[in-house]
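Each chain, letter by letter, is given below.
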Amino acid sequence: MDPKAKKFTKKTVLYVTLAICAVVTIYPVFYALVGGLKTNMEMLAGGTLLPKEPQFQNYKTVWEKANFAQYTMNSLFMCFFSTLGAVIISALTAYCLERRKFPGRKVIYSLYMATMFIALGSVTLRPLYLLAVKVNLHNTLWPVILINIGAQGTNIFLITKFISGLPKELDEAAMLDGCGPFRIFWNVLLPLLKPIMAVVALFQFRHTWNDYITSSVFTMTQPQLRPLTVGVVQLKYGASAAAEWHLMMAGAAISILPMLLIYCICNKYFMTGVVDGSVKG
Amino acid sequence: MKTKSGLWNSILENRVIYLMLLPGLFFLVVFALYPISWIMKNMFYHYTSYGDYDFIGLQNFAKLVTDSMFWNAVLNTVIYAIGKMVLTIPIAFLLAYVLNTKFRGRMIFRTVFFMPTIISVSVMSMVFYLIFNPYNGTVNQMLMQLGLIARPINWFDGKMSMTTVLLVAIWGAVGNYMIYFLSGLQTIPRDVYESAEIDGATGWAKLRYITIPMMAPITQMVVMLALTQAFKDYENILVLTGGGPNGKTEVLYLYIYRLLFPMGDAGGATVLQYGYGSAVSFATAVLVGVITIFYLRWSKRMSETY
């Protein structure tokens, strides 16, 4: 084979393999998005890729009758406060730990690091649930929001690393001008932290939007507080679930689409953030 | 030398700092330290949702040793973690390797392969539940149309359920580790390859003698991350199979969840075992910790030998 033809076959093999992988990756999401537009008969029979006639009323049914308008509001409410809280707390803490020397710094720093490695998983939800009952917050979404903010170990680490790359002269100059620690943080460093704060905000938004276990535990007896993820999975457990695949998929699509949209705009931040957050120490 | 009053002075000097740390410390204490201390205390108690609350020393751990459901979950966790790792990491590496070469459209492929990591695991598990449905799911229909199988496979029976769980887990995880490998590949300087080419190295030789050895440190990190993550997974299994059938896909964190919370369709305990659940989760944390340390030691020795 002459080199040109060889190069051509190589390229073709490359593209075909990648295309197959891409189809496998996209198909399940596509299935949900398009499945929400099919009739239930089409869904149950299977074998078709696209709906014969898009059934937009499925979305309407889910939105109005299956309470998804409420679920969407709950998800947005949670995401807003969880993201806001996470960004403020992780930036404040990272600044103190990276730029300040004070008694107890090392202990606090290592405690945050430890939270990144210890995984107690589902079990921590029980004490926190009992605690929420004690302070009478268990009938609200606030415990879910607060738990989703959590100890912020990874985010603090991410911002700490970013701050250590900023010149110390900035702080020193501000200190000579008579700025206190909070002014230095607020006026000097915070404006420079925007890129990394965007990553933290995106991660926190995704984390809260996609959270299932915590929300499901805290809204078990409070259907009106459910976020989208719990609402969608509940469709599986519902009495008529076997018969309503099209509505299940319409619900899944409502929960997937906003995240997909954000991803289309900010995919670079997601990918660089993953790498920056991983290289520990 | 610092005197006591010197320490006090520096605490006073830094009072604004402590004030700024306060919100973060509140979260650290309430959402990380408090649950840990709750578990460490209640694992010594007979404590159920009936309201029993008696100190029983190590009896929960004695029960754990003979609890066949616990050991079943240990076995499944190991199968799941190893299976997920062994399948995910090579695929992620190959994709990264291919996507690190220059060709048109590689950014689009990267974006596509990373996409599953941003979607809710629980929602996607439900979608996969339909896709793998034995009677009218896409997977069986496709396999039958291609003539690969004669009769529909029951993806959720005792034999296949772990495979199904793993396939879904791989779908969700490959993109994440691909990104780590990509960032690692980009740190290999171009001139290393160039000088190898001058020496006549072909594509395969370059992969075998340059790329793979130079990627060893990042591979160690990825394996470590993948391992700890795989031990933590249970949301996907909860929605996909509920741990069933007959506990065939029940992993440790799912078992703990069932001891502590009543659950949708898969039941869960009627009497919630707070004390015993704490003991199981302490044992799990120790087990995962030991395996992680063991792996770190082993991989360190490996990298010293090579």
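Please clarify how the environment of Tyr-15 of chain A should be interpreted in this entry.
With respect to the helices and strands, the residue Tyr-15 of chain A is situated in helix α1 (residues 3–35). For Tyr-15 of chain A, a relative accessible area of 30% puts it in the partly exposed group. Sequence-distant contacts of Tyr-15 of chain A, that is, excluding residues within four places in its chain, are made with Phe-103, Arg-104 and Phe-109 of chain B.

What is the right way to look at the packing of aromatic side chains in this model?
Aromatic ring pairs: the centre-centre distance and the angle between the two ring planes describe each pair. Counting across every chain of the model gives 39 aromatic pairs over all chains. Seen from their ring centres, Tyr-15 of chain A and Phe-103 of chain B are 5.6 Å apart, and the 90° between their planes marks the pair as edge-to-face. Here the residue Tyr-15 of chain A occupies a position in helix α1, and Phe-103 of chain B occupies one in the loop between α4 (68–99) and α5 (106–114), the pair thus bridging two chains. Judged by its relative accessible area of 9%, Phe-103 of chain B is buried.

Even after reading the chapter, I still don't get the interface of chain A and chain B, so can you show me in this structure?
One frequently used descriptor of interface size is the decrease in accessible area upon assembly of the parts. Opposite the 83 residues of chain A that make contact, chain B presents 82 residues. Each partner contributes to the roughly 7500 Å² buried at the junction of chain A and chain B, and carbon and sulfur atoms together form 78% of this total. Counting the surface chain A buries against chain B, the share from its top three residues, Pro-103, Arg-126 and Lys-236 of chain A, is 9%. Our count for the chain A to chain B interface comes out at zero salt bridges. Applying the counting rule to chain A against chain B returns twelve residue pairs in polar contact (both at pLDDT 80 or more). Classifying every residue of the side of chain A that touches chain B by side-chain character gives 60 nonpolar, 15 polar and eight charged.

Hey, could you run me through the pattern of salt bridges in this one?
Residues and elements named next belong to chain B. A full pass over the atoms with the stated rule returns five salt bridges over all chains. With a closest N to O distance of 2.7 Å, Asp-233 and Lys-84 form a salt bridge. A residue pair is termed long-range when its members are at least 10 positions apart, and Asp-233 in the loop between α11 (216–232) and α12 (235–240) and Lys-84 in helix α4 qualify at 149 residues. Just as Asp-233 is buried, Lys-84 falls in that class too. Where Glu-197 meets Lys-206, a salt bridge forms, and the shortest distance between an N and an O atom there is 2.7 Å. According to the relative accessible area criterion, Glu-197 is partly exposed, its value standing at 40%. Taking relative accessible area as the criterion, Lys-206 reaches 17% and is therefore assigned buried.

Teacher, can you tell me more about the confidence of the model for chain B here?
Low pLDDT means the predicted atomic positions in that stretch should not be read closely. Per-residue pLDDT for chain B has a mean of 87; in total, 95% of the residues score no lower than 70. Here the predicted complex scores 0.90 on pTM and 0.89 on ipTM.

Explain empty space enclosed by the protein to me, please; I cannot follow it from the model alone.
Residues and elements named next belong to chain A. Within this structure, the stated rule accounts for one cavity of 30 Å³ or more. What the largest cavity holds in volume is close to 50 Å³. Looking at the largest cavity, the residues that line it are Tyr-27, Phe-30, Tyr-31, Val-34, Gly-35, Lys-38, Thr-48 and Leu-49. Residues of the lining of the largest cavity, tallied by class, amount to five nonpolar, two polar and one charged.

Procedures and definitions
- Residues numbered from 1 in each chain as written.
- Chains lettered and ligands numbered in written order.
- Predicted model: local features only at pLDDT ≥ 70, side-chain atom pairs only at ≥ 80, totals over all residues.
- Heavy atoms only, no water.
- Helix = DSSP H or I, 4+ residues; strand = E, 2+ residues; numbered from the N terminus.
- Buried < 20%, exposed > 50% of the residue type's maximum accessible area, 1.4 Å probe, protein only.
- Contact = heavy atoms within 4.5 Å.
- Phe/Tyr/Trp six-rings, centres within 6.5 Å; stacked < 30°, edge-to-face > 60°.
- Buried area = accessible area lost by both parts, 1.4 Å probe.
- Salt bridge = Lys/Arg side-chain N within 4 Å of Asp/Glu carboxyl O.
- Polar contact = N/O pair within 3.5 Å; in protein donor to acceptor, adjacent residues only side chain to side chain.
- Nonpolar A, V, L, I, M, F, W, Y, C, P; charged D, E, K, R; others polar.
- pLDDT = per-residue confidence, 0-100.
- 1 Å grid on protein atoms, 1.4 Å probe; cavity = no way out; pocket = protein on both sides within 12 Å on 5 of 7 lines; lining within 4 Å.
- Points joined across faces, edges and corners; volume = space filled by probe spheres on them.

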